Structures are given as structure tokens and as C-alpha cells.
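Listed below, chain by chain, are the residues.
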Amino acid sequence: MPDLVRIRHSGAAAPIRIALHLFDLAAYEVLYRFSPVRNHLFFNGGYLPLAADMVACPAVAGEEPNAMMYHLLLRSMVADLDPRPAALVDVGCGQGGGLLYAHCLYPVAELAGTDRNGTVTRLARRNLAGVPGCRFVKGGGKDEIAFADASFDFVLSVGAPTYFGLTRFVAEAARVCRPGGIIAFSGGYRQGAHAVIEAELRAAAQDRGLRFIRYANITPHTFAALEADIPRRIEKLKRVPWPFRAYGWKWADMPGSAEYEEYVTGKRADFAAVLCKP
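Residues numbered from 1 in each chain as written. Predicted model: local features only at pLDDT ≥ 70, side-chain atom pairs only at ≥ 80, totals over all residues. Heavy atoms only, no water.

1. A word on the pattern of salt bridges
Side chains that differ in charge, positive against negative, can pair when their charged atoms come close. Definition in use: What makes a salt bridge here is a side-chain nitrogen of Lys or Arg within 4 Å of a carboxyl oxygen of Asp or Glu, nothing more. We count a stretch as a helix when DSSP gives it H or I for four or more residues in a row; a strand needs E for two or more, and each element gets its number in order from the N terminus. Burial here depends on accessible area, computed with a 1.4 Å probe over protein chains only, as a share of the maximum for the residue type. Under 20% is buried, over 50% is exposed, and the range in between is partly exposed.
A full pass over the atoms with the stated rule returns 15 salt bridges. Of the charged contacts in the structure, one is a salt bridge between Arg-168 and Glu-172, with a shortest N-O distance of 3.9 Å. Placement of both Arg-168 and Glu-172 in helix 7 (residues 166-176) is noted, with a separation of 4 residues, approximately one turn of the helix. In this structure Glu-172 comes out as buried when scored by relative accessible area, which is 6%. Measuring nitrogen to oxygen at the nearest pair gives 3.9 Å for the salt bridge that ties Asp-253 to Arg-268.

Following this line, the structure appears as C-alpha cells:
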């Protein structure tokens, strides 16, 4: 997670937090509008190795490590729950790659996505034009999921819970989830401790009347995907506009950045979790 995001949620003076928040939003928009990122279906860092039961999905060919992060949440970590979603939402959907993979797994489910970035919302709508009934809503800046109460029986998110804040994300996911539904998500923290993260999630789940199903440390898998992808990222980052290139280097957890070093030194904490709404 970029330093700017952590500072935005810290005790820094209000003007500093506001300035960093605005820069964070601007960088997010610029990276999608004017960099090679817009030509990909995913913005997550990926997960390796690929699962043996990963479904062949031609729509996401070439981005399988990134799709694997969704397979983890949509299939691997929930297999014993036997999900058969009628309506599924991806919170922080990016360009829509996760929903394309979700459609391969659950072709009859109604799909929806939301993201705070208007550019990627439009890209996702274009990328899923061939999926009937798929809808997208641009999220606001209030850390709310932009859908009505009890709208979905599968709430999915890759990365967005970090930006919401875990307790806030769980509260919002519980609100839009139907009784009997599944909430499966991933996130990551610099200088994070898994015991602390899991404890916060357990407390948030209990407060909202949710069942805590499982928690997993996925850091070795996300780091493996990062290491394998470094050559491609270097070439892509050369085409990111200045002054956002340095920020993009940090955002991509590249060698030399504090983010990469915290992977190497074991201070990074990437996780995945599953909750259920009784």
C-alpha cells in the first residue's frame, strides 16, 4: 500500500491529509487514463502458483496470475461453502477482469462492479459489454459501497478493503450482503502483523453479526507473483507520465521502493479472508 494512503488514514494534520488524498485520487486517475495500465484487465499484483482447478477463461488470457487472485476468493477459499451466487458484486472492480473471471465460474450470476475511479468504471463497462445485465456504478469518496442494502449474495473485493479500512469495509459489505451470503476479500498492509489484522476482522465480523470463516496469509504468493512480473512492470512504467512515474514505481512495489523492501524483510502482510452473513 503506498505511503500516501497510510498517511491519509493517519494522525497527520488535516491539510496534509487532504492534500495527499487529492494527489492519491489524481494519481489513480492519471495511471488509468494515460499509462499502459489501461490496456490490462486487472490492477492487482497477482498470485502464484496457479491453482490446478483454475478455469480456462479466454477473456483473461495472458493475465492468469492476476485472475488467480479472484480464483482464490471465488473458488479456493469458499469451496466448502458451495457458493451459487445469484447476484455478485466486485468492490474496487478496476477494469473488470475479476468480473470476467467470475462470469466464467458463475455464468448465471448477475454481476455488478463499483470503483472510485470513473475512468476504470467506463473501461469495465466496455470490457464486459458482452455479459448481459452487468452493471457498474462509480463509487464516491465516503468509503461506502454504492449499492442498496441486501443487494448481493456474494460480495467480493481485491485490495479495496485496505483503502476503506477493514472495520468500515466489513460494515459496508455486511450491509449490501443478503442473508446467507458470502463476503470474500483480500488486502495488504506495510509493516502489518497478521495477528492484528485477523483480530480486527474477527471483531468487525462479530459486531455485524457475521460468521468468521477463515483468514489466510497470502504474502508468499503475492510476492512470488511480483518477482515473476518485475521485467514486464519495468517496461510498462517507462511509459507512465512524469511526475507520476515515481509514484507508480512505489505503487507497483518495485525493487528499490520501501514497499519491495518490506516484502523482502517480512514486514509486508497480504491477506485473504472469508465471512458469511447468517
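2. A few points about the environment of Pro-85
Which entries qualify depends on this criterion: Only heavy atoms enter the contact rule, under which two residues are in contact if any of them lie within 4.5 Å.
Following the sequence through the fold, Pro-85 ends up in the loop between helix 3 (64-74) and strand 1 (87-91). On the basis of relative accessibility, which here comes to 6%, the residue Pro-85 falls in the buried class. In sequence terms Pro-85 and Asp-153 are 68 residues apart; their C-alpha atoms lie 5.8 Å from each other. Here Pro-85 is in contact with Tyr-106, Ala-109, Asp-153 and Phe-154, once residues within four sequence places are set aside.

3. What to know about the nonpolar core
Our working rule: Nine residue types can take part in a nonpolar core, namely buried Ala, Val, Leu, Ile, Met, Phe, Trp, Tyr and Cys, and a core is a set of them joined through side-chain atoms within 4.5 Å.
Ranked by internal contacts, the top residues of the largest apolar core, which has 40 residues, are Val-60, Leu-74, Leu-88, Tyr-101, Leu-111, Leu-128 and Phe-154. Breaking this core down by element, the ones donating at least two residues are helix 3, helix 4 (97-105), strand 4 (152-158), strand 5 (177-189) and strand 7 (269-276). In this structure Val-60 touches Leu-41, Phe-42, Ala-67, Gly-97, Leu-100 and Tyr-101, once residues within four positions along its chain are discounted. Listed in part, the 31 residues of the second largest apolar core include Ile-145, Ala-160, Ile-197 and Tyr-215.

4. Considering the state of the cysteines
Just so we agree on the cut-off: The definition used for a disulfide is geometric: two cysteine sulfur atoms within 2.5 Å.
Across all of its chains, the model carries 1 disulfide by this definition. Covalent S-S linkage joins Cys-57 and Cys-104, the inter-sulfur distance amounting to 2.3 Å. Classification of the bridge connecting Cys-57 and Cys-104 rests on its S-S torsion, roughly 60 degrees, and on that basis the disulfide is right-handed. A residue pair is termed long-range when its members are at least 10 positions apart, and Cys-57 in the loop between helix 2 (14-34) and helix 3 and Cys-104 in helix 4 qualify at 47 residues.

5. With respect to the environment of Met-77
Considering the arrangement of structural elements, one finds Met-77 in the loop between helix 3 and strand 1. Among the residues examined, Met-77 registers a relative accessible area of 8% and is labelled buried. For the pair Met-77 and Ala-184, spaced 107 residues apart in sequence, the C-alpha separation works out to 8.3 Å. Discounting chain neighbours no more than four positions away, the residues touching Met-77 are Leu-72, Arg-214, Ala-216, Ala-272, Ala-273 and Val-274.

6. Some points on unusual backbone geometry
The residue after Leu-48, namely Pro-49, is reached through a cis peptide bond having omega 5 degrees. Positive phi outside glycine occurs at Asp-82, with the angle close to 50 degrees.

7. Structural notes on the packing of aromatic side chains
Threshold: Working definition: a ring pair exists when centres of Phe, Tyr or Trp rings (six-membered ring for Trp) sit within 6.5 Å. Plane angles under 30 degrees give stacked, over 60 give edge-to-face, the rest tilted.
For the coordinates displayed, the defined rule picks out 8 aromatic pairs. Plain terms: the ring middles of Phe-185 and Phe-271 are 6.4 Å apart, the flat faces sit at 85 degrees to each other, and that makes the pair edge-to-face. Taken as a pair, Phe-185 in strand 5 and Phe-271 in strand 7 lie far apart in primary sequence, 86 residues in all. Under the relative-accessibility criterion, Phe-271 is labelled buried at 0%.

8. Structural notes on the packing of helix 7 against helix 8 (residues 194-207)
Each pair of packed helices can be summarised by the angle the axes make with each other and by the distance between the axes. Which entries qualify depends on this criterion: Here an angle of 0 to 180 degrees is reported between the N-to-C directions of two axes, which are lines fitted to C-alpha atoms, with helices fitted over the stretch in contact. Each crossing gets its handedness from the near helix: less than a right angle anticlockwise from the far helix is left-handed, clockwise is right-handed.
Contact pair helix 7 / helix 8: the axes reach a minimum separation of 9 Å and the direction vectors enclose 35 degrees. Crossing geometry of helix 7 relative to helix 8 is assigned as right-handed. The segment helix 7 lies against helix 8, with Leu-166, Thr-167 and Val-170 engaging Ile-197, Glu-200, Leu-201, Ala-204 and Ala-205.

9. A closer look at the packing of helix 3 against helix 4
The condition is simple: In what follows, roughly perpendicular refers to angles from 65 to 115 degrees, roughly parallel to angles under 35, roughly antiparallel to angles over 145, and oblique to any angle outside these ranges. Each residue is assigned to one class: nonpolar for Ala, Val, Leu, Ile, Met, Phe, Trp, Tyr, Cys and Pro, charged for Asp, Glu, Lys and Arg, and polar for all the others, Gly among them.
One way to put it is that helix 3 packs onto helix 4 with a least axis distance of 9 Å and a crossing angle of 50 degrees. The orientation of helix 3 with respect to helix 4, classified from their angle, is oblique. Judged by the twist between their axes, the crossing of helix 3 over helix 4 is right-handed. Judged by residue contacts, Ala-67, Tyr-70, His-71 and Leu-74 of helix 3 engage Gly-98, Tyr-101, Ala-102 and Leu-105 from helix 4. Here the contact of helix 3 with helix 4 is composed, by residue class, of 6 nonpolar, 2 polar and no charged.

10. Re the environment of Asp-229
Within the secondary structure layout, Asp-229 lies in helix 9 (residues 219-237). A relative accessible area of 15% means that Asp-229 is categorised as buried. Here the alpha-carbon distance between Asp-229 and Gly-45, two residues 184 residues apart in the chain, equals 8.5 Å.

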